[in-house]
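Structure assessment
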Amino acid sequence: MTHSAPTATALYDIPGPQARRRHLLYGVASTAVILALVGWIIYLLFDTDQFTAEKWRPFQYKGIQELLLRGLGNTLKAFAYAAVLSLALGAVLAVGRLSVHRPVRWLCTLLVEFFRAMPVLVMIFFIFVALKVHALPALVAGLTLYNGSVLAEVFRTGINAVDRGQREAAYALGMRKTQVMTFVLAPQAVRAMLPTIISQLVVALKDTSLGYLITYEEFLHAGKLIASNLDYDLPFIPVVMVISPIYIGMCMLLSWFATWVARRQRRNPRTEAVGVAPAEPGKLLPGGQ
Amino acid sequence: MDVLTENFSLYGKGFLGTVELTVYSSALALALGFVMASFRVAPVGSLRVLGTVWVTVLRNTPLTLLFFAVLLGLPRFGLVLPFQLFAVLALGCYTSAFICEVLRSGINTVPTGQGEAARSLGMTFGQTLGTVVLPQAFRSVIPPVGSTLIALAKNSAIAGAFSVTELLGTYRTLNELGYSIIWTFIWIAVGYLIITLTISALFNVMEKRWGVAR
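This section reports on the structure supplied with the text.

Some thoughts on the overall build of chain A
A tally of helices and strands in chain A yields eleven helices and zero strands. Starting at the N terminus and ending at the C terminus, chain A contains elements arranged as α-α-α-α-α-α-α-α-α-α-α. A total of 289 residues make up chain A; the buried ones form 46% of that total. Sequence separation of at least 24 residues holds for 71% of the intrachain contacts in chain A that already meet a minimum separation of 6. For chain A, the exposed area adds up to about 15,400 Å²; of that, 66% sits on carbon and sulfur atoms.

Now the structure itself:
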């Protein structure tokens, strides 16, 4: 890839033959530097004996494999609960914020802004330590409160992004408020919101690892057990090398799914008009991980 | 109320710890994010690949896993630093991926014609970048950079769970001393609100002064 991508940029012209030669030179030089860095890291790994057989032997044991699988299962369980509950909470809060009754609107706005402004971990610790809830419900509750309020904002912008005429037409046909919302606005909004919703679920999936900090027996916790409690010359780095790709891979898969849905929708003329911005940058008290 | 007045120095230490962590990590994240963003828009292929890999991997890494790997893993390479420095490293690198994407989209909001006009006036690459493209990009990225840094301040709570001195970590001492847990947490929450609201206000002022008028 020595020539620039065909997409036009404000930064530089499409390079000519001389510039292309220069870029090739830069490319070779920077590749050399990157390879040297990677090589140095691999040398460090070998130098500190990370690839000796006894550091990797634990992973052959059935008990260890089962421990890791159970951890992974617990991670997915927490994610599933958190995802379903935060979607539900998000829907409720969004409807509340769009309500015509002022007290309901104010209460929901207050809740949404407060939960978005708090660090998730503080909420999880509060529920776990002060309310003395078990680890899994505490983790799920914390994740639900945070992601639910972020999703509420996504839902609200999605509903508001539907063309005004749709609502007016539905009212003109004699539909009630609830009917307008459920039959006309929500179906159109959901389609436009889907990529943003999935991206927010990636945040929830990533945050399930916070369970490690309140001793919920999830994936990272299983890794910690193997790395510290068992006496196999502390295979800490191998544990990180096994766990990280699985964690990162799961999140990447979900992220790619979101991008794929978004790209598919951009081609769809029916959703072209309605675009929902990413969930992260909020207005008043933005949140996001 | 007693919890705060009787332990003011402890809270103060935790509060300052969070502020320090936020400031240092922000500096690292902005610097690294700027470097990675320039890699991602560079005409050199291998740098673009490096930037893309950096952003994709770090954005999909759970921060707890990163803290776990950096704070507990790097010492096993014989790299022993103060825990706070490790925390700054983890938090800064993680946030740099988000900063990079914000900056890159900021550069992309500048119309191609601007750069073409600058070049047709005979400006060099440095002049085009420094006097035409970056000033416009900067104006449009103020709000998203602000929300990224607020997220950073909130994420710094994780460092406390890894026994770095910061605000959330104070609950452990106060809990052992037998103070009311509810009030302990209320004051911790107030501390975080002060920090996030300050950043929010700061960026609002910056946006009013330099932001794009809409």
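Focus on the environment of Arg 76 of chain B
Residues and elements named next belong to chain B. Summarising the element assignment, Arg 76 is placed in the loop between helix H4 (63–73) and helix H5 (83–109). We classify Arg 76 as partly exposed; its relative accessible area is 33%. Remark: the alpha-carbon pair of Arg 76 and Leu 63, spanning 13 residues in sequence, is separated by 20 Å.

A few points about the layout of surface pockets
Quantified by volume, the second largest pocket comes out at close to 1,600 Å³. Together, 37 residues line the second largest pocket, and Ile 41 of chain A together with Trp 54, Leu 66, Val 70 and Leu 74 of chain B are the ones closest to its centre. Only helix H1 (17–47) and helix H10 (236–266) of chain A together with helix H2 (8–40), helix H3 (45–59), H4 and H5 of chain B provide two or more residues apiece to the lining of the second largest pocket. Tallying contributions element by element places H1 of chain A first for the lining of the second largest pocket, with ten residues.

Some points on the pattern of salt bridges
Residue and element names in this part refer to chain B. This model, assessed by the stated rule, comprises seven salt bridges over all chains. We note a salt bridge from Arg 40 to Glu 101, for which the minimum N-O separation is 2.8 Å. Of this pair, Arg 40 sits in helix H2 while Glu 101 sits in helix H5, placing them 61 residues apart in sequence.

Some details on the packing of helix H5 (residues 120–130) of chain A against helix H10 (residues 181–210) of chain B
The interhelical angle for the contact between H5 of chain A and H10 of chain B, taken along N-to-C directions, is 175°, at an axis separation of 10 Å. Compared by their axis directions, H5 of chain A and H10 of chain B come out roughly antiparallel. Between H5 of chain A and H10 of chain B, the residues in contact are Val 122, Phe 125, Phe 126, Val 129 and Ala 130 of chain A and Ile 181, Ile 182, Phe 185, Ile 188 and Tyr 192 of chain B, respectively. For the contact of H5 of chain A with H10 of chain B, the class distribution of residues is ten nonpolar, no polar and no charged.

A short note on the packing of helix H3 (residues 62–97) of chain A against H10 of chain A
A pair of packed helices is characterised by two quantities: the angle between their axes and the separation of those axes. Residues and elements named next belong to chain A. Where H3 contacts H10, the two axes come as close as 12 Å, and the packing angle between them is 30°. As H3 packs across H10, the resulting crossing turns out to be right-handed. Residues Leu 72, Thr 75, Leu 76 and Phe 79 of H3 pack against Ile 246, Tyr 247, Met 250 and Leu 254 of H10. Considered class by class, the residues forming the contact of H3 with H10 number seven nonpolar, one polar and no charged.

Examining the packing of aromatic side chains
Under the definition given, this model contains 16 aromatic pairs over all chains. On the basis of an interplanar angle of 55° and a centroid distance of 6.0 Å, the ring pair of Phe 138 of chain B and Trp 210 of chain B is categorised as tilted. Taken together, the residues span a long stretch of sequence, with Phe 138 of chain B in helix H7 (residues 125–155) and Trp 210 of chain B in helix H10 at a distance of 72 residues. Taking the relative accessible area as the measure of exposure, Phe 138 of chain B reaches 39% and is therefore partly exposed. An aromatic cluster is defined as three or more aromatic residues linked by ring pairs; in this entry it consists of Tyr 212 and Phe 236 of chain A together with Phe 67, Phe 68 and Phe 162 of chain B.

The rules behind the values
- Residues numbered from 1 in each chain as written.
- Chains lettered and ligands numbered in written order.
- Predicted model: local features only at pLDDT ≥ 70, side-chain atom pairs only at ≥ 80, totals over all residues.
- Heavy atoms only, no water.
- Helix = DSSP H or I, 4+ residues; strand = E, 2+ residues; numbered from the N terminus.
- Buried < 20%, exposed > 50% of the residue type's maximum accessible area, 1.4 Å probe, protein only.
- Contact = heavy atoms within 4.5 Å.
- Areas by Shrake-Rupley, 256 points an atom, 1.4 Å probe, with all protein chains shown as cover.
- 1 Å grid on protein atoms, 1.4 Å probe; cavity = no way out; pocket = protein on both sides within 12 Å on 5 of 7 lines; lining within 4 Å.
- Points joined across faces, edges and corners; volume = space filled by probe spheres on them.
- Salt bridge = Lys/Arg side-chain N within 4 Å of Asp/Glu carboxyl O.
- Axes fitted to C-alpha atoms, helices over the stretch in contact; angles between N-to-C directions.
- Parallel < 35°, antiparallel > 145°, perpendicular 65-115°, else oblique.
- Nonpolar A, V, L, I, M, F, W, Y, C, P; charged D, E, K, R; others polar.
- Left-handed = near helix turned anticlockwise from the far one by under 90°.
- Phe/Tyr/Trp six-rings, centres within 6.5 Å; stacked < 30°, edge-to-face > 60°.

Structural measurements only, silent on function.
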